[in-house]
Amino acid sequence: MADYRRTPPADPLWYRRGWFYRIECVCKRKVILSMDDVSRFHRLPSKMLVYDVIRRMRCRECGERPEFVDIAPRPKF
């Protein structure tokens, strides 16, 4: 998985429609989320950068920031 704290994806959300976030937290929780669903649920503007969304992410279980976040066209871990 890519560590986007070093190499941020600077694409706007509209450019990555249909893609997925693959997230792993420091508490070892793994989640796959649809980028479209996250954008709709949080009412994010389509011009917002993927990097900005990743920077705001927090784990639902422990409240920490994710250890790794990767974006992919298909949902698999």
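One can find the structure itself at the top, above this paragraph.
Residues numbered from 1 in each chain as written. Predicted model: local features only at pLDDT ≥ 70, side-chain atom pairs only at ≥ 80, totals over all residues. Heavy atoms only, no water.

What about the environment of Val-50?
By the secondary structure assignment, Val-50 is in helix H2 (residues 50-56). The buried category is assigned to Val-50, whose relative accessible area is 0%. Distance from Val-50 to Ala-10, taken between C-alpha atoms, is 6.2 Å for residues 40 residues apart in sequence. Not counting residues within four places of it along the chain, the set of residues in contact with Val-50 comprises Pro-9, Asp-11, Pro-12, Leu-13, Arg-16, Tyr-21, Met-35 and Ile-71. (Helix = DSSP H or I, 4+ residues; strand = E, 2+ residues; numbered from the N terminus. Buried < 20%, exposed > 50% of the residue type's maximum accessible area, 1.4 Å probe, protein only. Contact = heavy atoms within 4.5 Å.)

Observations regarding the side chain of Ser-34
With respect to the helices and strands, Ser-34 occurs in strand S2 (residues 30-34). Looking at Ser-34, the relative accessible area reads 15%, which means it is buried. Those residues within four positions of Ser-34 in sequence are excluded, and the remaining contacts are Trp-19 and Phe-20.

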